[in-house]
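Listed below, chain by chain, are the residues.
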Amino acid sequence: MIWRITDRCDLDCSHCGVHGPLDAPEVLDTDGMLDIADQIADLGCELTVLAGGEPLVRDDWQRIATRLLDRGVLVSLVTNGTRFTKKTARWCVDAGIHSVHVSLDGAKELHNRQRNDPTSHDKALKAIRAARSQDMIVVAVTTITKLVMEDLEELGSTLAEEGVENWQVRLAASQRGNRLTQLDYVEPEALPEVVQRLCDLAGRPGWPTIQAATSLGYYGTVETELRGAYQDDAWQGCTCGLDWCYLEPNGDLKACGNTQVVEGNVRELCLSELWADPERFRDTRTWSLAKLGGGCRQCDWAARCRGGCLAIAETRDGLREVQHCMQHPATGGPRNLRGFWARRAAKKLRTLVE
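Everything in this summary refers to the structure shown in the same document.

Reading the values: rules and limits
Residues numbered from 1 in each chain as written. Predicted model: local features only at pLDDT ≥ 70, side-chain atom pairs only at ≥ 80, totals over all residues. Heavy atoms only, no water. Pairing = 2+ DSSP bridges. Helix = DSSP H or I, 4+ residues; strand = E, 2+ residues; numbered from the N terminus. Contact = heavy atoms within 4.5 Å. Axes fitted to C-alpha atoms, helices over the stretch in contact; angles between N-to-C directions. Parallel < 35°, antiparallel > 145°, perpendicular 65-115°, else oblique. Left-handed = near helix turned anticlockwise from the far one by under 90°. Nonpolar A, V, L, I, M, F, W, Y, C, P; charged D, E, K, R; others polar. Salt bridge = Lys/Arg side-chain N within 4 Å of Asp/Glu carboxyl O. Buried < 20%, exposed > 50% of the residue type's maximum accessible area, 1.4 Å probe, protein only. Expected span 1.5 Å × (residues − 1). Phe/Tyr/Trp six-rings, centres within 6.5 Å; stacked < 30°, edge-to-face > 60°. Lys NZ or Arg CZ within 6 Å of the ring centre and 35° of its normal.

For the rest of this paragraph, the subject is the sheet that holds strand β8 (residues 246-247). With respect to topology, ten strands assemble into an open sheet ordered β7-β6-β5-β4-β3-β2-β1-β8-β9-β10, the strand pairing being mixed. Sheet topology places β7 (209-212) and β10 (264-265) at the edges, where each strand pairs with a single neighbour. Where strand β1 (residues 2-4) meets β8, two bridges bridge the pair, whose relative direction is parallel. Along β8, the bridge assignment pairs Trp 3 with Leu 247. Where helix α1 (residues 30-43) meets the sheet, it contacts β1, β2 (47-51) and β8, and its direction lies at approximately 175° from that of β1.

Structure (structure tokens):
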């Protein structure tokens, strides 16, 4: 479960669609949030990621996390780092917080410019140091735009110096409320260059393990070199609405944060009932090849891939297509499928030998 517990944020990032005013009132008070936490636990959810906005701007975020933890739910945080101190890290460890994801998008100048705060880069690094000082699992999260592409090597070097072991990378996706223009997004034809740069960086000694998020792919070196943290073998299709979902601060339930389709509200009908309803989450639960269009319809991987990630999918005439794919003609695909399986088998063999 990804649970956005607030829209409020103390930064105003250009690539983010959720940066509500810091002085805005919360939709739900503490009791309302604790009720939702109980619903999450009653569903049997194993892990809940607390996100925002900036989740730490809520004075009651620790009470929310504690309720989940007390009910046996693992908890992770996503933060911009502005409020995450050594004291916060110590509380997380004592409480049993699973991990912390700190957003870092480029070298210092670019990161500060994108977040409209000249101190945000330093604060993010301080948050990473605070978490590491308490032996927390730290994941650096980078959203890749055209400008961020140029900073990947310097950013990776910084993360290595800070001792970060995990680096999650994802493509910037169009979101309602962000200030990116079409010129900021990585174009499909540039995807192979992005993947190659990341693969070149991934093998450097002492550098963090690069983890390709669901918006980056598919079926090429990105799978054999970068996808391991998410899939055992390779991308197997979007699972939102199948094994995870997304909650907004007002209780709206969605398959993921990048869709406008609301499946219901947990203040009106309990989460377990919404999740069990076969008429909900139809985009993924009733998937078929007939829902794909364009290059995705003809792809040999279509039945396995199921049209890629909803975050970067484009819909035309009701049919979904993902051009940011290593097998799509827009990126120069399709590529040698036999070569993919050979690389995968070779990597498994190396792992067994090691």
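Two elements in contact, helix α2 (residues 61-70) and helix α3 (residues 86-95), have axes separated by 11 Å at closest approach and are oriented at 20°. Judged by the inter-axis angle, α2 sits roughly parallel to α3. The handedness of the crossing between α2 and α3 comes out as right-handed. In this structure, α2 uses Trp 61, Gln 62, Ala 65, Thr 66 and Leu 69 to contact α3, whose residues at the interface are Thr 88, Trp 91, Cys 92 and Ala 95. Considered class by class, the residues forming the contact of α2 with α3 number six nonpolar, three polar and no charged.

Quick look at the pattern of salt bridges now. For the coordinates displayed, the defined rule picks out 22 salt bridges. For Arg 8, the salt bridge goes to Glu 26, with nearest N and O atoms at 2.8 Å. Of the two residues, Arg 8 is situated in the loop between β1 and α1 and Glu 26 in the loop between β1 and α1; the sequence distance between them amounts to 18 residues. Among the salt bridges present, the one from Arg 83 reaches Asp 10, with a minimum N-O distance of 2.8 Å. Of this pair, Arg 83 sits in the loop between β3 (74-79) and α3 while Asp 10 sits in the loop between β1 and α1, and the two are 73 residues apart along the sequence. Because the salt bridges share partners, they merge into one network encompassing Arg 4, Asp 7, Glu 248 and Lys 254.

Glancing now at the pairing of strand β5 (residues 137-144). For a regular strand, the rule is simple: side chains alternate between the two faces of the sheet. Counting buried positions along β5 yields seven of eight residues, so the element is predominantly enclosed. Pairing of strand β4 (residues 99-103) with β5 involves five bridges; the strand directions are parallel. Bridge pairing links Val 102 to Ala 140 in β5.

Looking now at the packing of α1 against α2. Between α1 and α2, whose axes approach to 9 Å, the crossing angle comes to 25°. The orientation of α1 with respect to α2, classified from their angle, is roughly parallel. With respect to the hand of their crossing, α1 and α2 are arranged in right-handed fashion. Packed against α1, whose contacting residues are Thr 30, Met 33, Leu 34, Ala 37, Asp 38 and Ile 40, the element α2 presents Arg 63, Ile 64, Arg 67 and Leu 68 at the interface. For the contact of α1 with α2, the residue count by class is six nonpolar, one polar and three charged.

Taking 1.5 Å per residue as the helical rise, helix α5 (residues 120-133) with its 14 residues ought to reach 20 Å, and the 20 Å between its terminal C-alpha atoms agrees with that figure. Turning to α5, its buried residues are Ser 120, His 121, Ala 124, Leu 125, Ala 127, Ile 128, Ala 130 and Ala 131. Packing partners of the buried residues in α5 comprise α3, β4, α4 (108-115), β5 and α6 (146-161). A positive phi of about 60° marks Asp 135, the residue just after α5.

Here the focus is the packing of aromatic side chains. Taken as a whole, this structure holds four aromatic pairs when the rule is applied. A cation over an aromatic ring shows up here: Arg 204 above the ring of Trp 207, its NZ or CZ 4.9 Å from the ring centre. Directly above the aromatic system of Trp 275 lies the positively charged group of Arg 285, at a separation of 4.6 Å from the ring centroid.

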